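Coordinates in review
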Amino acid sequence: PFRSSKASAIRVDQAKRDLKPEETIALGDSLADIEMAEAVGAFFMVADGVLENSQLKEELNSRENTFLTSKNMGLGWAEVADLIVPKPVSGEKNT
């Protein structure tokens, strides 16, 4: 494509899966990843991304759908998964 980006790739995937932006999320760890926030309902930045780039915190604060994890890299990603994956109701078996 003429202009390829992470945000445009997300939009292509959303179209193929018939998903609305508010039904999708993205996670990142750098300033280059923040563009994905335009294409999704919620964008999560892992904590160490901000530590490496002070401009990133300002960028996150300027958008309504961006969130900063409290943990770094893999643990930050796990924090998001724990937040969005439904927990089994007491007595239900995991399948």
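Higher on the page you've got the structure.
Description of the structure in this document. Since the model is a prediction, treat every value here as computed from it, not as a measurement. (Residues numbered from 1 in each chain as written. Predicted model: local features only at pLDDT ≥ 70, side-chain atom pairs only at ≥ 80, totals over all residues. Heavy atoms only, no water.)

**Focus: the pattern of salt bridges**
Working definition: two side chains of opposite charge can pair if their charged atoms are close together. Under the counting rule described, the total for this entry stands at five salt bridges. We note a salt bridge from Glu38 to Arg63, for which the minimum N-O separation is 4.0 Å. Remark: Arg63 occurs in the loop between α3 (54–61) and β3 (66–68) and Glu38 occurs in the loop between β1 (25–28) and β2 (42–45); sequence separation between them is 25 residues. Judged by relative accessible area, Arg63 falls into the partly exposed class, the value being 24%. (Salt bridge = Lys/Arg side-chain N within 4 Å of Asp/Glu carboxyl O. Helix = DSSP H or I, 4+ residues; strand = E, 2+ residues; numbered from the N terminus. Buried < 20%, exposed > 50% of the residue type's maximum accessible area, 1.4 Å probe, protein only.)

**A closer look at the nonpolar core**
Formed by 13 residues in total, the largest nonpolar core has its most connected members in Ile10, Ala26, Phe43, Met45 and Leu60. Residue assignment for this core shows that the elements contributing at least two residues are α1 (6–17), β2 and α3. Setting aside residues up to four positions removed in sequence, Ile10 forms contacts with Ala26, Met36, Ala39 and Val40. (Core = buried A, V, L, I, M, F, W, Y, C linked by side-chain atoms within 4.5 Å. Contact = heavy atoms within 4.5 Å.)

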